[in-house]
Amino acid sequence: MSDAMRVGVFVCHCGTNIGGIVNVPHVVEYARTLPCVACAEGNLYTCSEDGLSTIANKIRELHLNRVVVASCTPRTHETLFRKNCERAGLNKYLFEFVNLREHCSWVHMDKPEKATLKAMDLVRMGVAKVSLLKAREDLSTAVLQAALILGGGISGLSAALVLANQGYRVELVEKEAELGGLLRFVNRVFPTHQPATELLDPLIDSVLKHPNIQVHLGSEIKTVKGFVGNFKATIDENAEMRDLNVGTIIVAVGAQVHKPEDAFGYGRFENVMTQLDFEGRCGGYDAFNRVVMISCVGARCEERSYCGRFCCIVGLKNAILLKEANPRAHVTILHRDVMAVGKLYEEYYRRALEKGIAFVRFDESQPPQVKGAGTRAEKVQVLDTLMGRQIELDADLVLLTTPLVPAADNGLLSRMMKIPLGMDGFFLEAHQKLRPVEFPADGIFVAGCARYPAEISESIAQALAAAAKAAVPMAMGRVVTDAFVAEIDPALCSACGRCVTVCPFGAVDWSEVGGPDHGKKSVAEVNPAECKGCGLCAASCLSGAIRLSGFTDEQIMAMIGSQR
Amino acid sequence: MTQKAVLVLGGGIAGIQASIDLANMGTRVYLVEKKPSIGGRMAQLDKTFPTNDCAMCILAPKMIECANHENITLLTYSELAEIQGETGRFKARVIKKARFVDEDKCVGCGDCAAKCPTKVVDEFNAGLGQRKAIYKYFPQAVPSTYVIDPDHCRLFQGKKCGVCEKTCKAKAIDYGQKDQEILLEVGAVIMATGFDLYDVSALSEYGWGRLKNVLTAMQFERMICASGPTMGHLKRPSDGKEPKTLAFIQCVGSRDVRHKKYCSAVCCMHATKEAILAHEHYPELSSAIFYMDMRAVGKGFQDYIQRAKTEYAVEYIRARPGRITENEENLNPVIHYEDTNTRELKTREFDMVILSQALMPSETNAAVAEKIGVSLDDCGFVSPSQDLLNPFATTRSGVFACGFCQSPMDVPDSVVRASAAASKAAEALASR
């Protein structure tokens, strides 16, 4: 076959998502009239097995050397279509994605005719661009068989052990002088009521003894450089600087307990404390006769909109333990909703009801009042919404059920590793539904309360999940990254440094090259393994020295220049 | 010699995620799914809370990744027959049921189904629509191969037909196809057998099956889905009219000792999502959700509930309705309930009522568990591990569990636990 351009255009109905608004057959007809287009087709679902094999067959039959798919978003589907091109023997970088859903049908639902015209424009622009794409190869880099785990709580410990057991070297960094995290301050655990130390001690022991795990106590992370496969972290280990070279990183730095300063007499009355204060301080559960617990203290409120996920269960646990230690004690839980989700929690809630623990629902707008004299709380008043009247409960102990709040260092770590935080101050995963322990940056993962409050089994689950993700590049030994990256022409670079500052991934740095007068000159250089191809550097460059392959000026101008 | 291979039972989102993680680590995976396509329950969902991502749009790429992965062997329309051995050395026998359609030849064009004369109630659409006796499980099915349902096909029922064979240009129809036995050697097993929907006709007070405008949450989900039987249009079953008011009743069969004593974990958010979607489809529509506790505990869930209240005309009423009757004139369901704030008995009429039915371990769960020798708890879930540090272990060493078969949970929790089970399976293979 000749080298002449032979473009295949595949337009997706996406069920009714596109096809219900855009006149797809019309767009297909139009595509057939465009220069270099060898075939154009419509599919009900281009991403289905059906649609994919149609594309592959057309590539083979008609010797297509460029492919345009006009469907949904490259965010979810680009990899799929590129792989499909590759499967049919076409270099995957000779593929162009046109978004007819998010960029067209969804936003122009009320104007189907204009949406069809716009879809034609978008397809034409895609065809104009695809001809200018060049075949490229993925970039491949080696991966160090070692993981850095930040945080030695239950999450960090679990992740460390499962990775070490698979033969990977683990560097476990804990800022405190001992391992165990928040669980060290917990008395007994749900639902077995075994002492927390019974869980923690053997786990810590296995971690400390494991030949593949190096534990760094009293250590703070100072800098993190590099990229998936080859990170270099510098830690301050008891005033000594140390470099750790690893392939992957798991962030398991945990969270802290909310202290409700000034609320419900906390800090004023000695017998008003948080659940965790109580677990830490309490010698015996049998010393109390009238206990009132207040749920959602500092949670589901204006200041902090989220639910602490397992605080209700902590309340249930201490209520059951108090009641078991002293069956005559009156234990009342003032709550807004009992968040006993699922099977084990609901069983536990029923167990509390069967033990005679009282539950009183209050409304957020009328929170309970804690009354007392001197340093002692004596009574709690609350409007019982079920009875519709104000009640007063005697109390010799008031426990405030508070949520976990983000760790103080999250902001610092977020900037250091360029991993995002959510509005709530917890680390923000790549996708809430399907990528819950990953970050947008490759090779860095999150687990446990660093992400969102999580009780023991959830923390372990996330730790093991993060370990699975971290094991993937280490098991394969190499990572393959996208070839659409920024490239800097050193001859044009004026060394202004704008690109170095603006890159959110730390992929642009200084480099020395030979200058025009045979001396040395400093220029900016992109590390392709770290570059995500976002184009910020190219847009900010005043000298026109940076081009983003896959989105060059030439390609963009061709898209704009093509006329209907 | 340890087999560097894992058998995953169940091709829902949990089984898919566990398979992809292990395959990406270089482990061979056999993914067994009883239905004609992988995808599981998530494939039936229109959108997902709390981001309102289109479920199929985020699931389809994963399904196809499974199908295309060089380390994954998909065994759909297949069931485990027996398993023997121990960690590192299991021998499993899987029965691949006859589809009567050759997987290698079928291109999924659908000509056969278009011509097939027999209509069957469509299980995938929760009974709302009809499919043919030769059918694709759903439009984005993986594999896209059609399958003949011998219980309804005229030919298999002894009548004259053969239309599909005559229609198929790919010559893929094979009425003589037999069940196939496949022997596998694996080092570890992951159970991800998922859930079924509780039959709410058992709660006769709510009148499902008797009152036309009372639907289950899954029926409503299919109805509001653009690729569902009504193309996303809400239509009252009694008269096809567009409803203006909806009511959702929570805990229908859940948290109820007469039915399922546990909380089904996803329904509070699921109902909220459906109410939001309904309002997005019809801005003049409003919804009321009757609930006991609004269990919105996941990341971003509370904000979602707030948005439902302030932006999507969703009213939350704390009450457990006693019964539903019908207005004989317009066939509107009438909910009878006690307002717990005023302690008054009230009635309120709606255009349509949706029951958030309890979810329960799939019926396959019991059969699979028995074959593997894994013990189940009194509700039919895989017995919780006695070791709190290893929540994925079952009573048989080398067999791990994840997802809904362990306990009710939503998609993100299932995905996390699937990856976690993959970690434990990889560890089991490495340590032998």
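Fair warning: this is a prediction, and the values are worked out from it, not measured in the lab.

A.B. asks: What is the right way to read the packing of helix α5 (residues 112-130) of chain A against helix α15 (residues 553-561) of chain A from this model?
C.D. replies: In helix packing, the relevant descriptors are the interaxial angle and the interaxial distance, both defined with respect to the helix axes. Residue and element names in this part refer to chain A. Here α5 crosses α15 at 145 degrees, and the two axes come no closer than 8 Å. For the crossing formed where α5 meets α15, the hand is right-handed. Counting all contacts with α5, which are made through M125, A128 and K129, the residues of α15 involved are Q555, A558 and M559. Looking at side-chain class alone, the contact of α5 with α15 contains 4 nonpolar, 1 polar and 1 charged residues.

A.B. asks: What's the story with the interface of chain B and chain A in this structure? I'm lost.
C.D. replies: By a frequent convention, interface size equals the accessible area lost on bringing the separate parts together. On the chain A side, the residues contacting the 67 residues of chain B number 59 residues. Breaking the side of chain B that touches chain A down by element, the ones donating at least two residues are α1 (13-24), α2 (55-68), α7 (301-311) and α9 (411-430) of chain B. Residues that form the side of chain B that touches chain A fall into these classes: 37 nonpolar, 19 polar and 11 charged.

A.B. asks: Before we go on, may I ask you to explain the packing of α1(B) against α9(B) in this structure?
C.D. replies: All names here are of chain B. Between α1 and α9, the least distance of the axes is 8 Å, while the angle of their chain directions is 40 degrees. The angle between the axes of α1 and α9 places the two elements in the oblique class. Of the two possible hands of crossing, α1 and α9 adopt the one that is right-handed. Across the interface between the two elements, I13, A14, Q17, A18, D21 and L22 from α1 touch V411, S414, V415, R417, A418, S419, A421, A422, A425 and A426 from α9. For the contact of α1 with α9, the per-class residue count stands at 11 nonpolar, 3 polar and 2 charged.

A.B. asks: Looking at this structure, how should I read the sheet that holds strand β12 (residues 180-186) of chain B?
C.D. replies: Strands pair in a sheet through their backbones, by hydrogen bonds, and they do so in one of two ways: parallel or antiparallel. Residue and element names in this part refer to chain B. Here 3 strands make up an open sheet; going across it, the order is β6-β7-β12 and the pairing antiparallel. Bordering the open sheet on either side are β6 (78-86) and β12, each of which pairs with just one other strand. Across the sheet, the mean angle separating the axes of adjacent strands is 20 degrees when strand polarity is ignored. One ladder, built from 8 bridges, connects β6 with strand β7 (residues 89-96); its direction is antiparallel. Residue pairing for β7: E82 is matched across the bridge by R93.

A.B. asks: Explain the pairing of strand β21 (residues 344-349) of chain B to me, please; I cannot follow it from the model alone.
C.D. replies: The side chains of a regular strand alternate between the sheet's two faces. Residue and element names in this part refer to chain B. Pairing between strand β20 (residues 333-339) and β21: 6 bridges, direction antiparallel. Bridging from a neighbouring strand, D339 pairs with E344 of β21. Taken together, β20 and the strand that follows it, β21, pair antiparallel across an intervening segment of 4 residues, in which R343 is found at a positive phi of about 60 degrees.

A.B. asks: Is there a simple way to explain the sheet that holds strand β22 (residues 352-357) of chain B in this structure?
C.D. replies: Residues and elements named next belong to chain B. Here we have 5 strands laid out as an open sheet, ordered β15-β22-β16-β17-β18, and parallel in their pairing. The two strands at the open ends of the sheet, each matched to only one other strand, are β15 (214-216) and β18 (314-318). Neighbouring strand axes in the sheet, compared pairwise and without regard to direction, differ in orientation by 25 degrees on average. In terms of strand pairing, strand β16 (residues 245-252) meets strand β17 (residues 286-291) through 5 bridges, oriented parallel. Directly across from T245, in β17, lies its bridge partner S286.

What counts and how
- Residues numbered from 1 in each chain as written.
- Chains lettered and ligands numbered in written order.
- Predicted model: local features only at pLDDT ≥ 70, side-chain atom pairs only at ≥ 80, totals over all residues.
- Axes fitted to C-alpha atoms, helices over the stretch in contact; angles between N-to-C directions.
- Helix = DSSP H or I, 4+ residues; strand = E, 2+ residues; numbered from the N terminus.
- Left-handed = near helix turned anticlockwise from the far one by under 90°.
- Contact = placed C-beta atoms within 7 Å.
- Nonpolar A, V, L, I, M, F, W, Y, C, P; charged D, E, K, R; others polar.
- Parallel < 35°, antiparallel > 145°, perpendicular 65-115°, else oblique.
- Pairing = 2+ DSSP bridges.

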